[in-house]
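# Commentary on secondary and tertiary structure
Each chain is listed here by its residues.
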Amino acid sequence: QWWKQYGKTVIVAVIVAFLASWVWHAWQKQHERLLQTASIVYERLLTSIIRDDQAAAHQQADRLFEHYPRTPYAQLAALILARKAVYDGDLEEARKKLDWVVKHGKNSALKELARVREARVLAALNKPKEALALLHKVDDKAYLPLVQDVKGDIYMQMDNKDAARVAYQ
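Worth saying up front: this structure is predicted, and the values here are computed from it rather than measured. (Residues numbered from 1 in each chain as written. Predicted model: local features only at pLDDT ≥ 70, side-chain atom pairs only at ≥ 80, totals over all residues. Heavy atoms only, no water.)

### What to know about the overall build of the chain
- Helices and strands together make up the secondary structure of the chain, namely eight helices and zero strands.
- Each helix and strand of the chain, placed in order from N terminus to C terminus, yields the pattern α-α-α-α-α-α-α-α.
- C-alpha extents for the chain along the principal axes are approximately 85 × 40 × 20 Å.
- Counting all 169 residues of the chain, 32% fall into the buried class.
- In the chain, 45% of the contacts between residues at least 6 apart in sequence involve partners at least 24 apart.
- The positive charge centre, built from 26 side chains, and the negative charge centre, built from 20, are 9 Å apart in the chain. (Helix = DSSP H or I, 4+ residues; strand = E, 2+ residues; numbered from the N terminus. Buried < 20%, exposed > 50% of the residue type's maximum accessible area, 1.4 Å probe, protein only. Contact = heavy atoms within 4.5 Å. Lys, Arg positive; Asp, Glu negative; His and termini not counted. Charge placed at Lys NZ, Arg CZ, Asp CG, Glu CD.)

### Notes on helix α3 (residues 72-88)
- Between its terminal C-alpha atoms α3 stretches 24 Å, which fits the 24 Å expected from 17 residues at 1.5 Å a residue.
- Taken together, the buried positions of α3 are A74, Q75, A77, A78, L79, L81, A82 and A85.
- Packing partners of the buried residues in α3 comprise α1 (2-50), α2 (54-67), α4 (91-104) and α5 (108-124).
- Immediately beyond the C-terminal end of α3, within one or two residues, lies G89, with a positive phi of roughly 85°. (Expected span 1.5 Å × (residues − 1).)

### Side note on the environment of L113
- The residue L113 is located in helix α5 in this model.
- Once the C-alpha coordinates of L113 and V147 are considered, the two residues, 34 residues apart in sequence, prove to be 9.7 Å apart.

### Structural notes on the packing of helix α7 (residues 144-157) against helix α8 (residues 161-168)
- Running from amino to carboxyl end, α7 crosses α8 at an angle of 165°, the nearest separation of the two axes being 8 Å. Considered as vectors, α7 and α8 are oriented roughly antiparallel to each other. Every pair of crossing elements has a handedness; the one defined by α7 and α8 is left-handed. Here Q148, D149, K151, G152, D153, Y155 and M156 of α7 come into contact with α8, specifically with K161, A163, A164, V166, A167 and Y168. (Axes fitted to C-alpha atoms, helices over the stretch in contact; angles between N-to-C directions. Parallel < 35°, antiparallel > 145°, perpendicular 65-115°, else oblique. Left-handed = near helix turned anticlockwise from the far one by under 90°.)

### Some points on the environment of D162
- Counting through the fold element by element, D162 comes out in helix α8.
- Linking D162 and G152, residues ten residues apart in sequence, is a C-alpha distance of 9.4 Å.
- Polar contacts involving the side chain of D162 include one to the side chain of R165, which spans 3.2 Å. (Polar contact = N/O pair within 3.5 Å; in protein donor to acceptor, adjacent residues only side chain to side chain.)

### Brief notes about a nonpolar patch on the surface
- On the surface, a nonpolar cluster with roughly 1200 Å² of combined accessible area is contributed by W2, W3, Y6, V10, I11, V14, I15, F18, L19, W22 and V23.
- You can see Y6 is positioned in helix α1. (Patch = residues over 30% accessible without salt bridge, like charges linked within 9 Å, V, L, I, M, F, W, Y side chains within 5 Å. Areas by Shrake-Rupley, 256 points an atom, 1.4 Å probe, with all protein chains shown as cover. Salt bridge = Lys/Arg side-chain N within 4 Å of Asp/Glu carboxyl O.)

Any link to function would need more than the numbers given here.
Next up, the structure:
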């Protein structure tokens, strides 16, 4: 009697649970493969940078940005390229890469780090007000000492010694 009344429901529930489980595991495997591939591309980027092969480095970075933008490897690649751009004196390129991390990044720690670095780049570009506005967007309290230090530097650049002293303290 019970089987006649609830049998179809039980069978459908078991099938749905099985399918949901199968889909979940398939998605997990796909995500794992995606991260592994992104890791390989990122390692090739690092190797290209060590070999000072700029064309290959940019090719690998572009591949990360295009195919794996939601992975931390793309964010790390943007940070590395921003650093390289700063050393090469191309501050606008550095700002673009850091801004990309802020806008597209999923890792909050990397986003906060990119904001602070972008503020430094803006200060170097003689845009202290934009730099201060960007620093006000940093939410993570762990970055407060670093933010205050950068604010102090910016206030010194603006010749506002009182504000700089407060920021440094």
